[in-house]
Amino acid sequence: MKTLYNSIKILSLLLGFSTLLFITSCGGGDDGDAAPDDANAYLNENVSLPAGSFTVSADQVTETNDVVVSSSGSGSTMQVVGGQQVSVSIPFTAANSNVTHAGMRFGDSGDIIMIPIPAANGNSSGTLDFTFGIPADICENLNDICHDIRCYEFAVTSDGSGGQFQVSRANINQLASACGGCDEPQCVALLGENCGAQGGDGDPRFNLTWSPAGVDLDLHVREPDGTLIGFSGVSSSSSGGIWDVDCTSSCTDENITWPDGGPSGTYQFYVNHFSGGTASYQIRVFDGGRVVQSQSGTISDGDSPTYSYSR
């Protein structure tokens, strides 16, 4: 009996050791891939960038007070999904008019991505405008939660020494990857109830937010049968679609939803600029309790591009 007990004890230890090896080996790939709980590292390795972009190490960069950037966002967390193109506009002032690149990094340490901005050269002030892409497979490589992403943005100059750069202090924009449902605790913590969207839930649901307040934007959705819901169309449709949040002043949300489920087919949606100055907007499409598509951009007059969603 004692021999049997010792054999079982040894077997248990071996199994525990094997389990430990299994758990630690699943923390990341053999090629140094980002861990599934580190969205910042994953984006640094896989983000889609404009042509001519490159990466420099931290020891090639020094901070300067000669260049200053100001906030380019609303201060709220922006939710992003796989395949989304994110537009960035970084206002800057430069004492020596020598800004050559925008700098970007996800997370508070590590290499910095350099993005050439030819239009900035020779200007003492302006904006660094560029677009980056969220990888389409981001949620296949990360845990099924909303991930806290910090996008550090810099204005960059060259100090004349080969391979050395000076950067402004960073402006920080907060993003959240939509890898979990809106009721997932981390999504609630980062974005609020219903992923921070105002208005009624539904399948599908189209939610528009924008910044700054004081600009009046209107959301429009065209159903698969051609019915247009929104300011230029109807407020409700025979299929059950409802324009239930119409912002007219001192607000920044609009919502069009199908509480009892909408028809199958392709929906087209866009934003109209009704009044005010330039605004940054985001349209999120919800279906099945999670964000399935997100579109963002800036608008100063007329209509945004027309986007589509099929279900």
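Up top is the structure.
Residues numbered from 1 in each chain as written. Predicted model: local features only at pLDDT ≥ 70, side-chain atom pairs only at ≥ 80, totals over all residues. Heavy atoms only, no water.

Take the overall build of the protein next. Within the protein one finds three helices and 20 strands. In the protein, the proportion of contacts linking residues at least 24 apart, taken out of those at least 6 apart, comes to 71%. For the protein, the exposed area adds up to about 15,000 Å²; of that, 49% sits on carbon and sulfur atoms. (Helix = DSSP H or I, 4+ residues; strand = E, 2+ residues; numbered from the N terminus. Contact = heavy atoms within 4.5 Å. Areas by Shrake-Rupley, 256 points an atom, 1.4 Å probe, with all protein chains shown as cover.)

If you walk through the whole model with that rule in mind, you get four disulfides. Each sulfur of the disulfide joining cysteine 139 and cysteine 179 lies 2.1 Å from the other. Around the S-S axis, the bridge from cysteine 139 to cysteine 179 shows a dihedral of about -85 degrees and counts as left-handed. One end of the pair, cysteine 139, is in the loop between β8 (125-133) and β9 (146-158); the other, cysteine 179, is in the loop between β11 (171-178) and α3 (185-191), with 40 residues separating them in the sequence. The class of cysteine 139 is partly exposed, set by a relative accessible area of 28%. Sequence-ordered numbering of the bonded cysteines in the protein yields a pairing of 1-3, 2-5, 4-6, 7-8. (Disulfide = S-S within 2.5 Å. Buried < 20%, exposed > 50% of the residue type's maximum accessible area, 1.4 Å probe, protein only.)

Before going further, it helps to examine the sheet that holds strand β5 (residues 85-94). Pairing between sheet strands relies on hydrogen bonds along the backbone, with the strands arranged either parallel or antiparallel. The strand order β3-β5-β8 describes an open sheet built from three strands, whose pairing is antiparallel. Two strands in the sheet have a free side with no partner beyond their single neighbour: β3 (67-69) and β8. On average, adjacent strands in this sheet sit at an angle of 30 degrees to one another, irrespective of strand direction. (Pairing = 2+ DSSP bridges. Axes fitted to C-alpha atoms, helices over the stretch in contact; angles between N-to-C directions.)

A few words now on the nonpolar core. Of all hydrophobic cores here, the largest spans 31 residues; its most connected members are Phe106, Leu128, Phe130 and Phe132. Counting only elements with at least two residues in this core, the list comes to α2 (39-46), β3, β4 (78-80), β5, β6 (99-106), β7 (112-116), β8 and β9. Per-element accounting of this core gives the leading share, five residues, to β5. Not counting chain neighbours up to four residues away, the residues in contact with phenylalanine 130 comprise Pro50, Val86, Ser87, Val88, Ile90, Ala102, Met104, Ile115 and Ile117. Core analysis: the next-biggest nonpolar cluster, separate from the first, contains 22 residues, Val215, Ile229, Val271 and Val285 among them. (Core = buried A, V, L, I, M, F, W, Y, C linked by side-chain atoms within 4.5 Å.)

Right, let's get into the side chain of glutamine 79. Tracing the backbone through its elements, the reader meets glutamine 79 in strand β4. The exposure class assigned to glutamine 79 is buried, which follows from its relative accessible area of 1%. At a separation of 2.6 Å, a polar atom in the side chain of glutamine 79 contacts the side chain of arginine 284. Each residue touching glutamine 79, except ones within four places of it in the same chain, is listed here: Gln84, Cys146, Ala176, Ala178, Leu191, Cys195, Gln282, Arg284, Val291 and Ser294. (Polar contact = N/O pair within 3.5 Å; in protein donor to acceptor, adjacent residues only side chain to side chain.)

Counting across every chain of the model gives eight aromatic pairs. Summarising the aromatic geometry, the rings of phenylalanine 106 and phenylalanine 132 are spaced 5.7 Å apart at their centres and angled 75 degrees between planes, so their arrangement reads as edge-to-face. Taken together, the positions of phenylalanine 106 in strand β6 and phenylalanine 132 in strand β8 put the pair 26 residues apart, joining distant regions of the chain. Here phenylalanine 106 falls in the buried class, since its relative accessible area comes to 1%. Residue classification places phenylalanine 132 among the buried residues on the basis of a relative accessible area of 1%. Between phenylalanine 206 and tryptophan 258 the ring centres are 6.1 Å apart and the planes differ by 70 degrees, which places this aromatic pair in the edge-to-face class. Of the two residues, phenylalanine 206 sits in strand β12 (residues 205-211) while tryptophan 258 sits in the loop between β16 (253-257) and β17 (266-275), which places them 52 residues apart along the sequence. We note that phenylalanine 206, like tryptophan 258, is buried. (Phe/Tyr/Trp six-rings, centres within 6.5 Å; stacked < 30°, edge-to-face > 60°.)

For the rest of this paragraph, the subject is the side chain of glutamine 282. With respect to the helices and strands, the residue glutamine 282 is situated in strand β18 (residues 279-287). Overall, glutamine 282 belongs to the buried group, its relative accessible area being 8%. A polar contact is formed between the side chain of glutamine 282 and the backbone oxygen of glutamine 79, at a distance of 2.4 Å. The residues touching glutamine 282, leaving out its near neighbours within four places in the chain, are Met78, Gln79, Gln84, Asn207, Leu208, Thr209, Ser294, Gln295 and Ser296.

We now examine α2. Of the positions making up α2, those classed as buried are Ala39, Asn40, Tyr42 and Leu43. One side of α2 holds all its buried residues, which, seen down the axis, span an arc of 160 degrees. Contacts made by the buried residues of α2 are with β6 and β9. Sitting at the amino-terminal end of α2 is aspartate 38, which places a side-chain oxygen 3.4 Å from the backbone nitrogen of asparagine 40. (Arc of directions from axis to C-beta.)

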